Every structure is written in structure tokens, then in C-alpha cells.
Amino acid sequence: MKIAIIGYGKMGRMIHEILRERGHEVAVIIDENNTSEFSSRAFASCDVAIEFTRPDAAVNNILHCFAAKVPVVSGTTGWQSSLPEVKALCDKGGGTLLWASNFSIGVNVFMALNRYLADIMGNFTQYKPEMTEVHHVHKLDHPSGTAITLAEQLIAHSDGISSWEEPVSDAVLPVPDGVLPIHSRREGEVPGIHSITWDSDVDTITITHSAKSRRGFAMGAVLAAEWLAGSKSTNNKGARHLGFYTMAQMLSDYTRTHGIFV
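Residues numbered from 1 in each chain as written. Predicted model: local features only at pLDDT ≥ 70, side-chain atom pairs only at ≥ 80, totals over all residues. Heavy atoms only, no water.

Colleague: For helix α8 (residues 247-255), give the residues involved together with the corresponding values.
Modeller: Those residues of α8 lying buried are Met247, Ala248, Met250, Leu251 and Ser252. Each element contacted by the buried residues of α8 is listed here: β5 (96-99), α5 (105-121) and α7 (215-228). Looking at the residues trailing α8, positive phi occurs at Arg256, about 55°. (Buried < 20%, exposed > 50% of the residue type's maximum accessible area, 1.4 Å probe, protein only. Helix = DSSP H or I, 4+ residues; strand = E, 2+ residues; numbered from the N terminus. Contact = heavy atoms within 4.5 Å.)

Colleague: An account of the confidence of the model for the chain is requested, with residue identities and associated values reported.
Modeller: The share of residues in the chain with pLDDT of 70 or more is 92%, and the mean pLDDT across the chain is 90. Every residue in residues 232-237 scores below 50 in pLDDT, and together they form 16 contacts with partners more than four places removed in sequence or on other chains. (pLDDT = per-residue confidence, 0-100.)

Colleague: Kindly report on the packing of helix α3 (residues 55-67) against helix α4 (residues 83-91), identifying the contributing residues and their values.
Modeller: Between two packed helices, the angle of one axis relative to the other and the distance separating the axes together describe the packing. With their axes 11 Å apart at the nearest point, α3 and α4 run at an angle of 5° to one another. As judged from the angle between their axes, α3 and α4 are roughly parallel. Contact residues: α3 offers Val59, Ile62, Leu63 and Phe66, while α4 offers Val86, Leu89 and Cys90. For the contact of α3 with α4, a count of residues per class yields seven nonpolar, no polar and no charged. (Axes fitted to C-alpha atoms, helices over the stretch in contact; angles between N-to-C directions. Parallel < 35°, antiparallel > 145°, perpendicular 65-115°, else oblique. Nonpolar A, V, L, I, M, F, W, Y, C, P; charged D, E, K, R; others polar.)

Colleague: Pulling in residues and values, what's your account of the sheet that holds strand β10 (residues 204-210)?
Modeller: Across the sheet, which stays open at both edges, the five strands sit in the order β7-β8-β6-β9-β10 with mixed pairing between neighbours. Bordering the open sheet on either side are β7 (163-165) and β10, each of which pairs with just one other strand. Going across the sheet, the axis of each strand differs from the next one's by a mean of 20°, ignoring polarity. Lying on the sheet, α5 is in contact with β9 (193-199) and β10; it crosses β10 at an angle near 165°. In the packing of helix α6 (residues 145-157) onto the sheet, the strands contacted are β6 (128-135), β7, β8 (179-186) and β9, and the crossing angle to β9 comes to about 30°. (Pairing = 2+ DSSP bridges.)

Colleague: With reference to specific residues and values, describe a negative patch on the surface.
Modeller: Residues Glu130, Asp199, Asp201 and Asp203 make up a contiguous surface patch of negative charge. On the secondary structure map, Asp201 appears in the loop between β9 and β10. (Patch = residues over 30% accessible without salt bridge, like charges linked within 9 Å, V, L, I, M, F, W, Y side chains within 5 Å. Areas by Shrake-Rupley, 256 points an atom, 1.4 Å probe, with all protein chains shown as cover. Salt bridge = Lys/Arg side-chain N within 4 Å of Asp/Glu carboxyl O. Lys, Arg positive; Asp, Glu negative; His and termini not counted. Charge placed at Lys NZ, Arg CZ, Asp CG, Glu CD.)

Colleague: Let's hear about the environment of Trp99: which residues, and what values?
Modeller: Relative to the assigned elements, Trp99 resides in strand β5. Here Trp99 falls in the buried class, since its relative accessible area comes to 9%. Along the primary structure Trp99 and Phe244 are separated by 145 residues, whereas in three dimensions their C-alpha atoms are 7.8 Å apart. Contacts of Trp99, omitting those with residues within four sequence positions, involve Ser74, Thr76, Thr77, Trp79, Gln80, Leu83, Phe244, Tyr245 and Thr246. A polar contact is formed between the side chain of Trp99 and the backbone oxygen of Thr76, at a distance of 2.8 Å. (Polar contact = N/O pair within 3.5 Å; in protein donor to acceptor, adjacent residues only side chain to side chain.)

Colleague: So what about the side chain of His135? Which residues, and what values?
Modeller: You can see His135 is positioned in strand β6. A residue is classified by how much of its surface remains accessible, and His135, at 7% relative accessible area, is buried. For His135, the residues in contact, after removing those within four places along its chain, are Ser144, Arg185, Arg186, Glu187, Val190, Pro191, Gly192 and His194.

Colleague: Tell me what's going on with the pattern of salt bridges, and back it up with residues and numbers.
Modeller: One pass over the structure, following the stated rule, counts nine salt bridges. The residue Glu17 makes a salt bridge to Arg215 at a minimum N-O spacing of 3.6 Å. You can see Glu17 sitting in helix α1 (residues 10-21) and its partner Arg215 sitting in helix α7, a full 198 residues away along the chain. The exposure class of Glu17 is partly exposed, given its relative accessible area of 36%. Here Glu187 and Arg185 are joined by a salt bridge, their closest N and O atoms 2.8 Å apart. When its relative accessible area of 35% is taken as the criterion, Glu187 is described as partly exposed. Judged by relative accessible area, Arg185 falls into the partly exposed class, the value being 40%. If you follow the salt bridges from partner to partner, you end up with Glu17, Glu21 and Arg215 in one network.

Written as C-alpha cells, this is what we have:
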């Protein structure tokens, strides 16, 4: 496949490395210094674009892809307030987008486990949940997009939780009933740790996903790009129809286990 990389930071460079390993051609690399390439023939010829940039740039980057009729995989977080509008545009045939707050296969398995555990814990009101997420000091948004996705899952699958909030400090705890506290920390070069704890007077249940490097996120994004372009190898079999897609749909296809990831 011919791929465009949008954003060439640490993630972009790792994605480039994996694309080479898997035999794909990187036709164009676009960053903030050469955005005119969105209008180039090289970009228009791409089967799919992979976008990892900044929250303030993501929407414009995605719209440029739509204008060039290039399907796009985006892993940028922090712009979710605009996501409904972008989804609506996809639904009207304006473009093809697969967006996820986290492309790690392990994290998406963790999300499936989170939903399943929340369904169970709804029967045991003595347990109260809270979440902690830890990332590297370069991460701008907080809570992380993954943490927000996990929180939205908890709200959807647990009658006892109606919202989430970031406590100003531990001193303000406990939070009101029905509110999920999310604690965000930024430390060193931590790729990402997410922990969800269900605590009661007699015991504690904790599930944790801890990333060892960014490679898992990059590999997931490349797999998503292959899937979105209709190819699980280097042979393009036809891109997906216009619309908005999720990692849940991709993983359901890959594993043939419908209902677990969605």
C-alpha cells in the first residue's frame, strides 16, 4: 500500500519503521512545515493516511484527508469535543475515518475487560471505582483520551456512575456518589499506565494495563490502516466504504469474535 504519514514525532517515526518492515510504501510525510503537501499528487495517490499530531491540528488534518478522498487513521486525542461533527460528516459521505483514543491491541482487550467487569460490579454497590492514568511529561491533554474512553464505558455499563471528574488534589476526596474520580500524573517518559480500582471496606479489585513502549500503539495504528484500506497484507483489496470506523470493528473482523470488542 501507499501510505501518508501526518506528524513525524516519535510516533510518526515508529510508524514509518513498522510500515517499512511490513513492505508498505511511504509516499509522503507531512508535518507542520510542509502542509502544502496535502494538495500534492503524492498525497492524493495514497491508499490511506495515518495521523498522529496535536489536538489543535487534528481536525484540519482530517478534513484535508477528506478533501483529497484519502481514508485516514487518527490517533490524536484532546479534540473529542469536535468528534461528533466529524462523525456526522463521515455519515453524510464526506470522508472515511478510523479514530481511536488508543490503538494498542492490549489496551483494546483491556477496554473489553473494563466493560465486562463494570457489568458485573453493577450488582455490588459496596464497591466504588476510581481510575489513575500515568503518562510521559510531553503529553499535553489530561485525562488521557484512553482514560476518558474507559470512563465513558464505566458510565455506560454501571448504573451507579453518572459522570467523571479530575479531583483538584487527593485532599478533596471523597468525590460525590455517582462520580468517577480520574487521577492524572505526568512522569518521565512513561508510555502509558491505566488502572481501574473497585474498592470496598473489605477488599479491592484492580485491573491495570501498562505499556512497555510506544511500539504497541504504532503497530495497532498500522494494522488499522491496513484494515481501513481493505488490506491485511501489502495487496490492496479495496478501501472501506465512506464512514466512521472504530478499533472495535477492526478487532472484531480480525478475531471473528463479534460482541466482545463492541
